[in-house]
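Geometric and topological summary
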Amino acid sequence: MTHIDAGAGLDPVHPVAPPGTRSAGLTRAQVAERVARGQVNDVPVRSSRSLSEIVRANVFTRFNAIIGVLWIVTLFVAPIQDSLFGFVILANTGIGIVQEWRAKKTLDSLAVIGEARPTVRRDGRSVEVPTSAIVLDDLVEIGPGDKIVVDGVCAEADGLEIDESLLTGEADPVLKHSGDRLLSGSFVVAGGGAFTATRVGREAYAAQLAEEASRFTLVHSELRTGISTILKYVTWMMIPAALGLIVTQLVVKSNDFKGSVARTIGGIIPMVPEGLVLLTSVAFAIGVIRLGRQQCLVQELPAIEGLARVDTVCLDKTGTLTEGGMDVSALRMLDGADEEHARKVLGALGEADPHPNASLQAIIDAYPDSEEWRCVEALPFSSARKYSGAAFSEGDGQVSTWLLGAPDVLLGADDPALAETSRLNEQGLRVLLLARAAQGLDAPEPAEGARPVALVVLEQRLRPDAAETLRYFADQHVHAKIISGDNAVSVGAVAHKLGLKGTAVDARKLPAELPEMARAMDRATVFGRVTPRQKREMVGALQSEGHTVAMTGDGVNDVLALKDADIGVSMGSGSEATRAVAQIVLLNNSFATLPSVVAEGRRVIGNITRVATLFLVKTVYSVLLALLVVCWQVEYPFLPRHLTLLSTLTIGIPAFFLALAPNTERARPHFVRRVMRYSIPGGLVAGVATFVTYLLARHHYTGAGALSAETSAATLTLFLISMWVLAIIARPYTWWRIALVAAMGVAFLFVLIVPWLQDFFALRLVGNTMPWAAVGIAAVAAAVLELMWRWVDRRFPA
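Summarised in this report is the structure supplied together with it. This structure is a prediction, so every number in the text was calculated from the model and none was measured.

1. What to know about helix α15 (residues 466-475)
For an α-helix, 3.6 residues make a turn, and residues three or four places apart therefore share a direction. Those residues of α15 lying buried are Ala 466, Ala 467, Thr 469, Leu 470 and Phe 473. End-on, the buried residues of α15 take up no more than an arc of 165°, which puts them together on one face. Among the exposed residues of α15, those pointing more than 90 degrees away from its buried face are Glu 468, Arg 471 and Asp 475. Where α15 is buried, its residues meet β11 (312-316), β18 (479-483) and α21 (594-632). Two residues or fewer past α15, His 477 is found with a positive phi of approximately 60°.

2. Quick look at the environment of Ile 72
Locating Ile 72 in the fold gives a position in helix α3 (residues 62-77). Along the sequence, Ile 72 and Ser 83 sit 11 residues apart, while their C-alpha atoms lie 8.4 Å from each other.

3. Remarks on the sheet that holds strand β19 (residues 504-506)
One open sheet accounts for eight strands, arranged β10-β23-β22-β21-β11-β18-β20-β19; its pairing is mixed. Single-partner strands in this sheet number two, and they are β10 (296-298) and β19. Across the sheet, the mean angle separating the axes of adjacent strands is 20° when strand polarity is ignored. Note that β11 and β18 share five bridges and pair parallel. Pairing of Leu 315 across the sheet is with Ile 482, part of β18. The strands touched by helix α16 (residues 488-497) are β18, β19 and β20 (526-528); relative to β20, the strand with the most contacts, the crossing angle is about 145°. On the sheet, helix α18 (residues 532-544) packs against β11, β18, β20 and β21 (549-553) and is oriented at approximately 160° with respect to β21.

4. Some thoughts on the nonpolar core
Formed by 90 residues in total, the largest nonpolar core has its most connected members in Ile 608, Val 611, Phe 671 and Phe 748. Residue contributions to this core peak at 15 residues, all from α21. Once you skip the residues sitting within four places of it in the chain, Val 611 turns out to touch Leu 279, Ala 655, Leu 658 and Ala 659. Core analysis: the second largest hydrophobic core is formed by 34 residues, Cys 296, Val 313, Leu 315 and Phe 591 among them.

5. Structural notes on the pattern of salt bridges
Here the structure, examined in full by the defined rule, presents 21 salt bridges. Here Arg 37 makes a salt bridge to Glu 33, at a shortest N to O gap of 2.5 Å. By relative accessible area, which is 46% here, Arg 37 ends up partly exposed. For Asp 138, the salt bridge identified is with Arg 122, shortest N-O distance 2.5 Å. One end of the pair, Asp 138, is in the loop between β4 (125-128) and β5 (139-142); the other, Arg 122, is in strand β3 (residues 119-122), with 16 residues separating them in the sequence. By the burial criterion, Asp 138 is buried, and Arg 122 matches it. Among the charged side chains, a salt-bridge network with shared partners connects Asp 408, Asp 506, Arg 508 and Arg 529.

6. With respect to a negative patch on the surface
Negative charge collects at one region of the surface, where Glu 351, Asp 369, Glu 371 and Glu 372 lie side by side. As for its position among the elements, Glu 351 is in helix α11 (residues 339-352).

Reading the values: rules and limits
Residues numbered from 1 in each chain as written. Predicted model: local features only at pLDDT ≥ 70, side-chain atom pairs only at ≥ 80, totals over all residues. Heavy atoms only, no water. Buried < 20%, exposed > 50% of the residue type's maximum accessible area, 1.4 Å probe, protein only. Helix = DSSP H or I, 4+ residues; strand = E, 2+ residues; numbered from the N terminus. Arc of directions from axis to C-beta. Contact = heavy atoms within 4.5 Å. Pairing = 2+ DSSP bridges. Axes fitted to C-alpha atoms, helices over the stretch in contact; angles between N-to-C directions. Core = buried A, V, L, I, M, F, W, Y, C linked by side-chain atoms within 4.5 Å. Salt bridge = Lys/Arg side-chain N within 4 Å of Asp/Glu carboxyl O. Patch = residues over 30% accessible without salt bridge, like charges linked within 9 Å, V, L, I, M, F, W, Y side chains within 5 Å. Areas by Shrake-Rupley, 256 points an atom, 1.4 Å probe, with all protein chains shown as cover. Lys, Arg positive; Asp, Glu negative; His and termini not counted. Charge placed at Lys NZ, Arg CZ, Asp CG, Glu CD.

These figures come from the coordinates and say nothing about function on their own.
Okay, here's the thing in structure tokens:
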């Protein structure tokens, strides 16, 4: 047994299997002993917030605190109907908690489905276990695409190359040997091997990072950022308006104390757009639930919004447009080579790689291994190299070295075999070259001087839903770019079969400078022979031109691009590394789920933009009314019950339905500007018109019940204007939207004509003159709204 120094931060002494031997791993008794000592990888995977965090986030908000205090005061000084706003907030907060809790359960259950199950060696057998079941000193087997889930020391290595870019930022894979340290969070890009777990649980490097940033992270979201900005400005407007209102109602006007307090609170409450944040959270939560039913795991909630803003989607061909499996359709011999011998070579190459990719698996299925041949050296396949290799001791004692990979990489530019390869690629077939190497695998360039022996023709299986999904993106004006490591002509043929038009380019001929690469990418649609580093550079080139880029993939060669893209989308059957860095994981491996994600994001963004206008129109007219009341030194026209009624009928109920309605409008930027350009003029018109009605009513009515009659006339004007704002926001009309607006109008009419509702809400229209004047003022205001919003559309386009 050899003892090695594992490096700083790791235990200094760990067993490493001598070369050529295979460790049996821990015994069952040793595993049980470590579990009893607590030396197990028991870090909980936090895919979402805990219940206590959900409750705190929904209950303990700035606006809930303001409203809560005002509600308690109102309960002591006014009738129960003036306290209705408090019960509405309780109901809204409860709905938010329930919806997010449902989303959490969906997210957690899907996270378990998509969780990796590493392979450990125990009692000499390889078994799959949950990540949380790994114990200290476990021997963990790894292959291409596997993520290193705990810290360890390499015990066995067979051409093992590790990508540590997620930890170090360095994109070049690192070749590992026995005794080298491995950090959790890195992943295998080539070769295979096994490592001994040295740090598990919270001591592992990746777990320490996870403590700082759990999976339920709120990455940049224009929607959330915009709403936060709006709320900040609203708070600044509220403070002086509320203070002025308090002074006016309690000091300047010598009304009874309780009535003054009630009207002061009635002026402050509608300034708070309390339902806006809640409705956004509910919309996101319901989006997660809807997508969860389609086996789509959203690892970061704003990813729903992000994909809706995407204008360019980069698709990896293998596993995305084509299914993982392949079939060998032909074996074409070159230069009179012996076909029987070539079949034996292919069978031996398949047996030599313990972690075959889809192409090699097809060869294994077609050509069985010859027991007479023995592998003496192997070179695993690498996406950067584009070929693999092995040296064999054949049955007659002769040693030969063979390479299998891309013809245009292994052959010279003038080799006649390339013409045959191009012809097959044009038919959408994938072609690998079997070549006999002229030098050893440890040479700087093993492919140099290789002699071509045969072309292995593979037929790819197209995903049945790929063509329809590409058509959807085209209809939505989202540009699709096919980025693949395969031959450009072959990939172009596949794209053509799926109905995707555009030119195919060999990525090796792309300019290295970012601006030139971006222009080349705008001109072409299909890119072949793309290296992992190039995929990352191509994403960056598109982003440099202002594009919002989504990247899909399932292979380890896609990880760097997935990480840098605005939105990374991984297949559920893809490598653990791709699932770890992606914001969205398609657990059912169906590319056809992507349109649902885009549609869900567009529904959320478009509808929240709509309802945000409703909420902020109320905030603007409430602040304006408070300022006008202060300037004119009159009683505030409304009690809390009046504005609770108006908010419920013209904002609360309609906003809930509008926020969850279908919406296919493409997401547009500048959320704050788009919302405020409607909210400010709408709120100003509503506030001025309502105050004009109120002043007219003050001159018209006299006597003991004058204030109640004035309030009723002003309420009628404000309701009609708010209904017109709702009618504008609800466009384009569908039957249910017309029914929604009509139902709100009928509900208000019931309040006006049913005696006990009149008493409950203190609304009774007196006479004919002022009610009709209120209607006339509202009609003029509605016409002004139409003209002003049309002018805003022309003057300040979104």
